[in-house]
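# Inside the fold
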Amino acid sequence: MVCGSNTTEAHPIVGARIKQAVLRGANLVVIDPRRIELAHYADVHLRPHPGTNVAVLNSIAAVIIDEGLVDEDFVAQRVDGFGTFRHFVNSYVPERVSAVTGLDPAQVRRAARLYGGQGPSMLFHGLGVTEQVQGTDAVMCLGNLALLTGNIGKPGSGCNPLRGQNNVAGSAHMGCEPHHLTGMTPLADGRERAAALWDAPIPEIPGLDAMQMLDAAEQRRLGALWVVGWDILLTQPQTRSVERALAGLDVLVVQDLFLTETARRFATVFLPVASSFEKDGTFMNSDRRIQRVRRAVPVPDGARTDTDAICAAAAAFGWSTHFSYRSAADVWDEIRQLWPAGAGMTYRRLDRPGGLQWPCPDEEHPGTSLLHRDTFAGLGRRTTLHRIGYRPSGEQPTEEYPLVLITGRALYAFNAGTMTARAATAPLTDVVALEISPTDAQRCGVVDGADVAVQSRYGTLVLPCRISARTQPGTVFTTFSDPAVPVNTLTGPGRDPTTHTPEYKVTAVNVTRAPTPAGPLADATGS
């Protein structure tokens with residue numbers, strides 16, 4: 001079951017493996033408003049109204065219980081709260097919520113039977129789930145499905161997140177989140193160990209995440225920002241707010257491979273750094289596997305590795321003794337001291353093909369290929385089903401804004417295009433255009449290839465339109481990989497209340513013919 005992931009374009013290796021599994025006989029359920037490539041291989045394609053994932057997943061859970069698809073032995077041994085959850089989710093049977101989800105109840109029931117009626121079954125989810133105001137809630141609903149059917153803790157099962165970029169899991173795990181230390185250790189739990197190793201105090205109060213930092217900068221409560229490997233001007237929502245935040249800083253340091261839009265327009269200092277092919281280190285992928293990165297070519301003149309740049313800055317602050325690493329291996333050995341679950345992963349062991357999966361607590365441990373077989377990390381043998389109610393997004397279609405804009409990626413344009421727009425494959429990427437259904441194109445009076453004006457409550461953008469049946473009536477879609485087409489001028493302030501992830505996938509808009517020909521590199525205005 002693939003939910004909210006255009007896998008063959010955003011994660012093409014995983015997407016290819018899913019297609020191969022289907023061709024070998026696996027069933028496939030796709031949950032996505034657009035007719036993505038995997039939908040052509042699917043036994044069931046559910047196309048819900050954007051923003052209704054929680055209602056959809058609760059609906060599937062209701063069918064699993066209603067039709068006797070629950071793994072009763074697993075639930076009895078490992079799951080709490082089944083009785084109250086069964087009562088709660090009864091109000092989400094497909095026939096009762098079809099007006100909310102826009103789904104045919106018979107298709108929802110068929111999807112539930114395919115997932116819960118035979119196994120093992122796997123869940124994959126992507127940014128189409130998490131980049132919504134109920135993103136965290138929807139992930140918990142996916143967990144409910146796995147728990148109800150016993151599809152966790154055994155091969156071929158589980159909830160598998162497809163993250164936004166390579167090493168997202170690894171960077172968060174190393175302490176890039178303000179409330180965690182190395183090893184995803186909460187500040188309170190790891191403070192003593194880290195303070196002893198670093199010979200420095202650990203703050204009592206968590207710092208700010210990316211969205212909070214931009215809020216603080218816009219309100220002039222933050223004066224300096226150091227951005228590493230992220231074009232925040234191009235990728236963050238509400239472009240005009242981001243511009244105000246960056247313009248108000250006293251100092252902005254950008255550390256990246258290329259002069260990003262953030263650096264070009266606002267940086268005080270730009271630090272050019274090495275790519276992954278020009279440095280040594282490690283990365284972590286979605287199945288907790290840590291593998292080595294090895295330098296293949298020299299660092300270009302004038303550039304440094306990220307580690308060297310940070311250590312040089314630390315030395316300028318007078319902290320050189322705390323940043324005296326001679327190599328990436330030295331950094332990794334410090335990580336192992338701070339992270340008990342990774343202590344057994346020496347560089348020598350990671351040099352073997354395939355790397356190692358944590359937990360790997362000592363050098364004799366083979367690594368852990370399968371989580372949750374007997375216990376749930378940090379919880380013990382049992383866990384609880386979560387009763388998550390559906391809450392509508394504030395971006396509901398209205399008479400003034402009757403369509404819902406979804407943003408996403410294209411195969412040959414990775415994220416913001418910082419790297420792929422400069423690569424030899426760049427000509428393979430189409431011009432950024434608005435994908436619109438034939439029904440909506442006719443209603444809006446637009447023709448294929450013509451320029452259209454897209455207006456949300458937050459801004460207006462002009463770009464070409466592409467009429468396509470991939471997009472269902474009531475929705476439009478575009479990518480955000482071209483700096484000349486600032487799509488996030490349109491996106492709003494909605495955020496997941498737990499993670500603060502922006503609501504990129506649901507923005508109410510209207511579409512009209514552009515008043516004058518503007519070409520593909522369009523005028524954009526924001527409020």
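Residues numbered from 1 in each chain as written. Predicted model: local features only at pLDDT ≥ 70, side-chain atom pairs only at ≥ 80, totals over all residues. Heavy atoms only, no water.

## Focus on the packing of aromatic side chains
This is how the line gets drawn: Note on aromatic contacts: the rings of Phe and Tyr and the six-membered ring of Trp form a pair at centre separations within 6.5 Å, being stacked when their planes are under 30 degrees apart, edge-to-face when over 60 apart, and tilted otherwise. Here's how the labels work: a residue is buried when its accessible area is under 20% of the maximum for its type, exposed when over 50%, partly exposed in between, all with a 1.4 Å probe on protein chains only. Both a distance and an angle decide whether a charge sits over a ring: NZ of Lys or CZ of Arg must be within 6 Å of the ring centre and within 35 degrees of the ring normal.
In this structure the tally under the stated criterion is five aromatic pairs. Relative to Trp319, the ring of Phe317 lies with its centre 4.9 Å away and its plane at 20 degrees, an arrangement referred to as stacked. Using a relative accessible area of 56% as the deciding quantity, one classes Phe317 as exposed. Taking the centre distance of 6.4 Å and the plane angle of 85 degrees together, the rings of Phe323 and Tyr325 count as edge-to-face. What links up through ring pairs into an aromatic cluster is the set Phe85, Phe88 and Tyr92. Above the face of the Phe477 ring, Arg34 is positioned so that its terminal group lies 3.6 Å from the ring centre.

## Quick word on a nonpolar patch on the surface
Threshold: A patch consists of residues exposed above 30% relative accessible area that lack any salt bridge, with like charges linked at up to 9 Å and nonpolar side chains (Val, Leu, Ile, Met, Phe, Trp, Tyr) linked at up to 5 Å. Note on areas: these come from Shrake-Rupley sampling with a 1.4 Å probe, and a residue is covered only by the protein chains present in the view. Salt bridge criterion: a side-chain nitrogen from Lys or Arg within 4 Å of a carboxyl oxygen from Asp or Glu. Secondary structure is summarised from DSSP: a helix means a run of H or I of at least four residues, a strand means a run of E of at least two, and numbering begins at the N terminus for each.
On the surface, a cluster of nonpolar side chains totalling about 580 Å² of accessible area is made up of Trp226, Val228, Ile310, Phe317, Trp319 and Phe323. When you line up the elements, Phe323 lands in the loop between helix H16 (306–316) and helix H17 (328–338). Classification of Phe323 as partly exposed rests on a relative accessible area of 30%.

## Side note on unusual backbone geometry
Cis rather than trans, the peptide bond between Gly119 and Pro120 has omega equal to 0 degrees. With respect to the element layout, Pro120 can be found in the loop between helix H7 (105–116) and strand E5 (123–125). Residue Pro359 follows Trp358 across a cis peptide bond; omega there is 0 degrees. Relative to the helices and strands, Pro359 is located in the loop between strand E14 (356–357) and strand E15 (383–384).

## Observations regarding the sheet that holds strand E6 (residues 159–161)
The test is simple: Between any two strands, at least two bridges found by DSSP are needed for them to pair.
One open sheet holds the five strands; their spatial order is E3-E2-E1-E5-E6, and the pairing between them is parallel. The two strands at the open ends of the sheet, each matched to only one other strand, are strand E3 (44–46) and E6.

## Focus on the side chain of Gln255
Our working rule: Side-chain atoms alone can form a polar contact between residues adjacent in sequence; in general such a contact is a pair of N or O atoms within 3.5 Å, and within protein one must be able to donate a hydrogen while the other accepts it. Here, two residues are considered to be in contact whenever any of their heavy atoms come within 4.5 Å of each other.
Here Gln255 shows up in strand E10 (residues 251–256). Within the structure, Gln255 has its side chain in polar contact with the side chain of Trp226 (distance 3.1 Å). With near-sequence residues (within four places) excluded, Gln255 lies in contact with Trp226, Val227, Val228, Gly229, Leu271, Val273, Asp306, Ala309 and Ile310.

## Quick look at the nonpolar core
Definition in use: Within this scheme, the nonpolar core is defined by two criteria: the residues are buried Ala, Val, Leu, Ile, Met, Phe, Trp, Tyr or Cys, and they are joined through side-chain atoms within 4.5 Å.
Within the largest apolar cluster, 45 residues are counted, with the highest numbers of intra-cluster contacts made by Met1, Ile31, Leu46, Leu57, Ile60, Ile64 and Leu145. Of all the secondary-structure elements, those providing two or more residues to this core are strand E2 (29–31), E3, helix H3 (53–66), helix H4 (72–78), helix H5 (82–89), H7 and helix H9 (135–149). No other element matches the 10 residues that H3 contributes to this core. The contact partners of Met1, leaving out residues within four places of it in the chain, are Val29, Ile31, Ile60, Ala111, Tyr115, Met122, Leu123, Phe124 and Leu145. Formed by 20 residues, the second largest nonpolar core is a distinct cluster that contains Leu434, Cys444, Val454 and Cys465.

## Regarding the packing of H3 against H5
The condition is simple: The axes are straight lines fitted to the C-alpha atoms, using for helices just the contacting stretch, and the angles between their N-to-C directions are given from 0 to 180°. By definition, turning the near helix anticlockwise from the far helix through less than a right angle yields a left-handed crossing, and turning it clockwise yields a right-handed one. Gly is placed with the polar residues, together with every amino acid not listed as nonpolar (Ala, Val, Leu, Ile, Met, Phe, Trp, Tyr, Cys and Pro) or charged (Asp, Glu, Lys and Arg).
The contact between H3 and H5 brings their axes to 9 Å, and the two run at 115 degrees. Judged by the sense of rotation from one axis to the other, the crossing of H3 with H5 is left-handed. Packed against H3, whose contacting residues are Asn58, Ala61, Ala62 and Ile65, the element H5 presents Phe82, Phe85, Arg86, Phe88 and Val89 at the interface. In the contact of H3 with H5, the residues fall into seven nonpolar, one polar and one charged.

## So, the packing of helix H12 (residues 210–218) against helix H14 (residues 239–247)
Think of two packed helices as two axes; the pair is described by the angle between the axes and how far apart they sit. Selection criterion: Relative orientations are named as follows: roughly parallel for angles under 35 degrees, roughly antiparallel for angles over 145 degrees, roughly perpendicular for angles from 65 to 115 degrees, and oblique for any other angle.
Contact geometry for H12 and H14: axes closest at 7 Å, N-to-C directions at 65 degrees. When the axes of H12 and H14 are compared, the pair comes out roughly perpendicular. As H12 packs across H14, the resulting crossing turns out to be left-handed. Each of Leu214, Ala217 and Glu218 in H12 lies in contact with H14, whose residues at this interface are Ser241, Val242, Arg244, Ala245 and Leu246.

## Brief notes about H16
Buried residues of H16: Asp306, Ala309, Cys311, Ala313 and Ala314, and no others. Residues of H16 that are buried sit in contact with strand E9 (224–228) and E10.

## Considering the UniProt feature "domain: Molybdopterin dinucleotide-binding" (unreviewed entry) in the chain
For the record, the criterion: UniProt positions are given in the numbering used here, feature names are shortened, and annotations may be inferred rather than shown by experiment.
Feature annotation in UniProt assigns "domain: Molybdopterin dinucleotide-binding" (unreviewed entry) to the following positions: residues 403–508. Across residues 403–508, helical content stands at 7% and strand content at 29%; the span's end C-alpha atoms are separated by 6 Å.

## Section: H12
Among the residues making up H12, those that are buried are Met211, Leu214, Ala216 and Ala217. In this fold, the buried residues of H12 make contact with helix H13 (232–235) and H14. Residue Asp209 occupies the N-cap position of H12, its side-chain oxygen lying 3.3 Å from the main-chain nitrogen of Met211. Positive phi shows up at Arg220, right after H12, with a value of about 60 degrees.

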